[in-house]
Amino acid sequence: MNNKDFSKLVNETIETCKEIMIDKGGEYAHGNDRLDNFKRNATTLNLNPEEVWAVYFHKHVDAIDTYIQDIRAGVSRPRSESILGRFDDAINYLLLGKAIVVERSKSKT
C-alpha cells in the first residue's frame, strides 16, 4: 500500500471509529459517564473495570485471530461483523481501555 492510500485509510478509519464511538456510546453509557458500562458490569460480576474491558476487547482480538487462522487454513465462513469493523472496534476498545487507566490514575492523585 502506498503512502497516499495508507494516509487515506488512516483518516477514514479515524472518522469511522469516531462515528462508532458516538453511535454505540449512547447504548452503553448511562448518563454522562462514558465508562459506565465497564463499571456497572464490574460491580455486577465482582470484577474491576479493567477486567471487564479486557473481556470485551479480547472478543474482537479473538475474531481477528480467527480470521487470520482462516486465511492460513483456506477456510471461508460467514461472520457476524466484517473484519474491518472488528479492527475499528478494537481501536475503539483500546481508547476506552486507555480512558479507564487514565481515570484510575487521576483518582489516585
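Everything discussed here concerns the structure shown above.
Below you will find a few notes about this structure. (Residues numbered from 1 in each chain as written. Predicted model: local features only at pLDDT ≥ 70, side-chain atom pairs only at ≥ 80, totals over all residues. Heavy atoms only, no water.)

1. Examining the overall build of the protein
Heads up, the condition is: Only DSSP runs of H or I covering at least 4 residues are called helices, and only runs of E covering at least 2 are called strands; the numbering of each starts at the N terminus. Under the scheme applied here, a residue whose accessible area is under 20% of the maximum for its type counts as buried, over 50% as exposed, and between as partly exposed, the area being computed with a 1.4 Å probe on protein chains only. Only heavy atoms enter the contact rule, under which two residues are in contact if any of them lie within 4.5 Å. Note on areas: Shrake-Rupley, 1.4 Å probe, and residue coverage restricted to the protein chains presented here.
Tallying secondary structure elements over the protein gives four helices and zero strands in all. Seen in sequence order, the protein has helices and strands lined up from the N terminus as α-α-α-α. Once the C-alpha set of the protein is aligned to its principal axes, its extents read approximately 45 × 30 × 25 Å. Scored against the burial criterion, the 109 residues of the protein give a buried share of 28%. Summarising the internal contacts of the protein: among those between residues at least 6 apart in sequence, 53% fall at separations of at least 24. Put simply, the protein shows about 8000 Å² of open surface, and 57% of that area lies on carbon and sulfur atoms.

2. Focus on the pattern of salt bridges
Rules: In what follows, salt bridge is the name for a side-chain nitrogen of Lys or Arg lying within 4 Å of a carboxyl oxygen of Asp or Glu.
What the rule picks out here adds up to ten salt bridges. Here Arg40 ties to Asp36 by a salt bridge, and the two come within 2.3 Å at their closest N and O atoms. Pair noted here: Arg40 and Asp36 are both in helix H2 (residues 36-45), with a separation of four residues, about one helical turn. Take Arg40: its relative accessible area is 30%, and that puts it in the partly exposed class. Judged by relative accessible area, which is 15%, Asp36 ranks as buried. Taking the shortest distance from any N to any O, the salt bridge between Glu81 and Arg86 comes out at 3.8 Å. With a relative accessible area of 9%, Arg86 lands in the buried category. Through salt bridges with shared partners, one network takes in Asp33, Lys39 and Glu103.

3. Notes on the packing of helix H3 (residues 49-73) against helix H4 (residues 83-108)
Test applied: Orientation is described by lines fitted to C-alpha atoms, with helices fitted over the stretch in contact, and by angles between N-to-C directions that extend from 0 to 180 degrees. Our angle categories are set so that under 35 degrees counts as roughly parallel, over 145 as roughly antiparallel, 65 to 115 as roughly perpendicular, and the remainder as oblique. Left-handed describes a crossing whose near helix is turned anticlockwise from the far helix by less than a right angle; the clockwise case is right-handed. Note on residue classes: Ala, Val, Leu, Ile, Met, Phe, Trp, Tyr, Cys and Pro are nonpolar, Asp, Glu, Lys and Arg are charged, and everything else, Gly too, is polar.
The interhelical angle for the contact between H3 and H4, taken along N-to-C directions, is 160 degrees, at an axis separation of 9 Å. Judged by the angle between their axes, H3 and H4 are roughly antiparallel. Crossing geometry of H3 relative to H4 is assigned as left-handed. Of the residues in H4, those in contact with Pro49, Glu50, Trp53, Tyr56, Phe57, Lys59, His60, Ala63, Ile64 and Tyr67 of H3 are Ile83, Arg86, Phe87, Asp89, Ala90, Tyr93, Leu94, Leu96, Gly97, Ile100 and Arg104. Here the contact of H3 with H4 is built from residues that sort into 14 nonpolar, two polar and five charged.

4. Some points on H2
Among all positions of H2, only Asp36, Asn37, Phe38 and Ala42 are buried. Looking at the buried side of H2, the elements it contacts are helix H1 (3-28), H3 and H4. Positioned one or two residues after H2, Asn46 has a phi angle of 55 degrees, which is positive.

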